[in-house]
Structures are given as structure tokens and as C-alpha cells.
Amino acid sequence: MGYKREILDNGVRTVCETVPSTRAVSIGVWIERGSRDEDAGTAGVTHLLEHLVFKGTKTRSAYDISLELERLGGELNAFTTRETTCFHALVLSEHWEIALELLADIVTNMQITPKDFDNEKAVVLQEIASYEDMVDEKIYDLFFESCYSGQAVGREITGSIDTVTNMKLSDVKKYYEHYSNGKSIIVSAAGDIDPREFNDKVRKLFAKKKKKAVRLKRPTARWTSRLQLIDKETEQVQFLLGFPAPSFKNIDRYKALLFNTILGGGMTSILYQAVREKRGLVYQISSSQITMIDSGMIVIQAGAESAQLQKLTELVLKELKKIKRSGFTEKKIEEAKTQLIGSLILGSEDVESRMNSLGTNEMLFGRYRPIEETVAEIKKLDAKTVNRWMKKSLNLKRFCALLYGPKVKEHESWLREAINVRK
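Please read these numbers as outputs of a predicted model, since none were measured by experiment. (Residues numbered from 1 in each chain as written. Predicted model: local features only at pLDDT ≥ 70, side-chain atom pairs only at ≥ 80, totals over all residues. Heavy atoms only, no water.)

A word on the overall build of the chain. When you go through the chain residue by residue, the secondary structure sums to 16 helices and 11 strands. Its C-alpha atoms give the chain a radius of gyration of 23 Å, near enough to 22 Å, the size a compact globule of 423 residues would have. Taken along the three principal axes of its C-alpha coordinates, the chain extends 60 × 50 × 40 Å. Residue burial in the chain is summarised as follows: out of 423 residues, 54% are buried. When contacts within the chain are restricted to residue pairs at least 6 apart in sequence, long-range pairs at least 24 apart make up 82% of them. (Helix = DSSP H or I, 4+ residues; strand = E, 2+ residues; numbered from the N terminus. Rg over C-alpha atoms; globule rule 2.2 N^0.38 Å. Buried < 20%, exposed > 50% of the residue type's maximum accessible area, 1.4 Å probe, protein only. Contact = heavy atoms within 4.5 Å.)

Structure representation (C-alpha cells):
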């Protein structure tokens, strides 16, 4: 019981952790392929493939796949990111073998007809079109395109209308053949489950997968300072301002995590208090830390009336410069550590969160990293350490910014000067 990690002869990695306080089990099959690994001509193929595996296998129809866990009260889903794809299930502990068998089947035995392919392409095209109305998601896709301009990592995960429309079934099948070979697969599980039994079952279900995996040709992500202005008829102007931060593999990410928590991580954060509570310039403002294998950023997001945009920008820049110049007090750092640790521990109580953590850590570090290790790294930090990092590494001269809303191009001149981004 407890935790067990194993590498099968064909390269498939299994990681499993027992969580005795629950009756649930979460299982994920991870593929180390994401949208940044695609060619420009087939952008969106990973996401399309994520859809297609649910259309049928050699032994199951699309209806059978949906019914298998739904009849048990369980859940089956998937997601694609820029760096990985995950097919995952949540079930009661007595049903974990059924869930694992189903996940193995859809990942390794996809069987798709031309008709199903065309139908699902149409569904994905509708999904892409729907994002035009989902402003909160659309602006981050556009922001990535700006920050990583001209790079695969900056493209939309779904691909574009053109690339998906022109996608052929042969393109998907070719990608699929390389997509799920042994070395690219991680199977993770957390919950009321015996790791030895789980690993034995994975070994049987994935034994036939070939070991060889196509080597990833993944260029290092390069940050771009850029201003993008997109005129749209919306109620408010969406304002995004970002700057480089440590990658997921960089130990400094914990310092950046504390910085982000204090900057815009809640209602007591510096930006929320200064911009909303004291001056009423916006309804909502926050910051978030986004990390990838080789790059990262901190992004400030707010929605504002056009007339308040310049005041908002000036105030945000003023607070950032003040933070870098004066640093944080020990009291502020300790408060942020308590907030962050509490949030992390509460999150780890969820078996799906644990399963995700197991898969992610195996992919990035090749080992088990318990929540206690992360907590210990955060506890080690103090004001002196975080302030030193900010003065040395916090680059406020490499901004990337996006304005999305009505008549935003009217703001270009003063905004370029404010954030020092040339044309």
C-alpha cells in the first residue's frame, strides 16, 4: 500500500498512490504530446485526436464508451494542453478496474470511420467558433499568440478553422501511430486502491504497446515583448499584462508563486486592494502564474471601462515598480506562505488533484513528489530570499500586453510608451 512507481519493459510508466480517506479512485492516462508538438499544417491534431478516441474502438462503439462509466455513476473525460494530453476517469473504488480497462482501450485501440471523422471535425469546428463568444478563454489564446509569437507553443490548442477543415483522416492516423507508444505513456492513479494491484493491471493492459517513441522536437519557448490591440464590440475592455517568470522545472517558481499570491492572488492582494477596493476602477482584477516545462509567465487580468484604462494601467505599473523597489516585509511573506500552503493542502485532499499531480511530476521530474515536499520548499522561503529574486529576475522591461474590446486602438500611443513596447 502507500505509493508505487514502475517502468514497464515497453517504457510505459505507472504511478499510484493510496488515499485511504476516500471511496473514490481517479485514473489518468497521460501522453507526452501537446499542441506545441504539432506541425503548423496540422495544428489542432492533438485536440482532434482527443475527441476521436471517444468515437469507437475495435470492441466498443461511441455509445458503449459513454455508457461504461456513466451507468456506474462515474465520469470519463479528457483534456489537451500545450504539452500533454490526458484521458481520465473518476469512479468508486470497486469499479477502478473497469475504468482502467476502458481508458486503455480508447487510448490504444482507436478505430474511426471516415463518417465519424467528418462528424467530429464538424463538432470541433463548432467548438472553435464558440470560443469567439467565450471572452475569458479567447483572450488567453490571443495572449499566448502574442507572448510566443511565431512559435508552435503560441498557437491555439484547438488549431484554427483552416487547419482543422483541411485535416485528413490519414494525418490523424499517422499522428496516432506515434502518439501513444510506450515511452510516451504515463498511467497514474490515486484513491482507495492498492498500487501493486493497479500496476499489475496496467502491465497486462499496456503490454502490447511498442517501446519506441518518436523523439520530441520541441524548440525552447522564447518570450516576446509585444502589444496586441483587438477591436471587439464588448461591454468592457479586457486588459492583460504579462512578464516572464520561472518555468515549472525552475526551483525559483516557488518564489514567483509567493510573489503572485501577494500581487493578485485574492481579495486581500495588493492589486485587488489598490485598484478595486480603494479606487473602484474595476469589478475584477487578479494575477496568475502560468508554468510550462521551459517557460513561464505572470499575467495580470482585469476588465475595465475604456475611460478608466489609462488610470488602471498607470496604477498597476506603479504598484509593480513599488514592489520591486521596496520588496515585501517578513510579515507579508509569512501571511502569503500560510495562504499558499493552506490552498495546496486543501487541493491535495481531492483524488483527481492527486492523480494530476502524480502524472505531472512523473512527466517533469521522473519521480514522486509528495505534497509535503512542496510545503517544505515554500516554508524555507523568507522575505530576504524572495526580495533578492525579485530585484535580480523580475523583468519589468519585457512586458507583453493585450487589449480586447471596443475602440482599443485609440489607446495604442500612451500604452506603448507606458509599457515600453515598440512597434
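Below, the discussion takes up the pairing of strand β11 (residues 400-405). Of all six residues that make up β11, six are buried, and the element is covered over most of its length. Burial along β11 is two-sided: Cys400, Leu402 and Tyr404 facing one way and Ala401, Leu403 and Gly405 facing the other are all buried. Here strand β7 (residues 227-231) pairs with β11 via five bridges, running parallel. For Leu227, the partnering residue across the bridge sits in β11 and is Ala401. Note: strand β8 (residues 237-244) against β11, five bridges, orientation antiparallel. Bridge pairing links Leu241 to Ala401 in β11. (Pairing = 2+ DSSP bridges.)

Our next topic: the sheet that holds strand β6 (residues 185-191). Strand order in this open sheet of six strands is β1-β2-β6-β3-β5-β4, and the pairing throughout is mixed. Edge positions in the sheet fall to β1 (3-7) and β4 (75-80), since each of these pairs with one other strand and no more. Looking at each pair of strands side by side, their axes are set apart by 10 degrees on average, direction ignored. Taken together, the six bridges between β4 and strand β5 (residues 85-92) define a ladder with antiparallel strand orientation. Counted as the bridge partner of Asn77 is His88 from β5. Contacting β1, β2 (13-18), β3 (24-31), β4, β5 and β6, helix α13 (residues 351-365) crosses the sheet at an angle of about 150 degrees to β6. (Axes fitted to C-alpha atoms, helices over the stretch in contact; angles between N-to-C directions.)

What follows deals with the packing of aromatic side chains. For the structure on display, the rule yields 11 aromatic pairs. Ring centres of Trp30 and Phe79 lie 5.9 Å apart, and the angle between their planes is 80 degrees; on these two criteria the pair is classed as edge-to-face. In this pair, Trp30 sits in strand β3 while Phe79 sits in strand β4, placing the two residues 49 residues apart along the sequence. Its relative accessible area of 2% is what places Trp30 among the buried residues. (Phe/Tyr/Trp six-rings, centres within 6.5 Å; stacked < 30°, edge-to-face > 60°.)

For the pair helix α2 (residues 62-70) and helix α3 (residues 96-108), the least separation of the axes is 10 Å and the interaxial angle reads 160 degrees. As judged from the angle between their axes, α2 and α3 are roughly antiparallel. In this structure, α2 crosses over α3, and the sense of that crossing is left-handed. Between α2, through Ile65, Glu68 and Leu69, and α3, the contact on the second element is made entirely by Ile98, Ala99, Leu102 and Ile106. Looking at the contact of α2 with α3 residue by residue, the classes come out as six nonpolar, no polar and one charged. (Parallel < 35°, antiparallel > 145°, perpendicular 65-115°, else oblique. Left-handed = near helix turned anticlockwise from the far one by under 90°. Nonpolar A, V, L, I, M, F, W, Y, C, P; charged D, E, K, R; others polar.)

With that settled, the discussion passes to the sheet that holds β11. As a general point, the strands of a sheet are linked pairwise by backbone hydrogen bonds and lie either parallel or antiparallel. Taken together, the five strands give an open sheet; going across it, the order is β7-β11-β8-β10-β9, and neighbouring strands pair in mixed fashion. Two strands close off the open sheet at either side, each with one partner strand: β7 and β9 (285-291). Ignoring which end each strand starts from, the neighbouring axes of this sheet average 15 degrees apart. Pairing of β9 with strand β10 (residues 296-304), which is carried by seven bridges, proceeds in the antiparallel orientation. Across the sheet, Gln289 pairs through a bridge with Ile298, a residue of β10. Packed onto the sheet, helix α9 (residues 253-264) meets β8, β9 and β10 and runs at close to 165 degrees relative to β9.

This paragraph deals with the pattern of salt bridges. For the structure on display, the rule yields 27 salt bridges. A salt bridge links Glu6 to Arg203, with the nearest nitrogen and oxygen atoms 2.4 Å apart. With Glu6 in strand β1 and Arg203 in helix α8 (residues 195-206), this pair connects stretches of sequence that are 197 residues apart. Note on Glu6: relative accessible area 17%, which makes it buried. Classification of Arg203 as partly exposed rests on a relative accessible area of 35%. As a salt-bridge pair, Asp105 and Arg60 come within 2.7 Å of each other at their nearest N and O atoms. Of this pair, Asp105 sits in helix α3 while Arg60 is found in the loop between α1 (45-52) and α2, placing the two residues 45 residues apart along the sequence. By relative accessible area, which is 15% here, Arg60 ends up buried. In this structure, a network of salt bridges that share partners links the residues Arg5, Arg13, Glu32 and Glu362. (Salt bridge = Lys/Arg side-chain N within 4 Å of Asp/Glu carboxyl O.)

Here Thr18 shows up in strand β2. A relative accessible area of 12% places Thr18 in the buried class. Separated by 2.8 Å, the side chain of Thr18 and the backbone oxygen of Ile193 make a polar contact. (Polar contact = N/O pair within 3.5 Å; in protein donor to acceptor, adjacent residues only side chain to side chain.)

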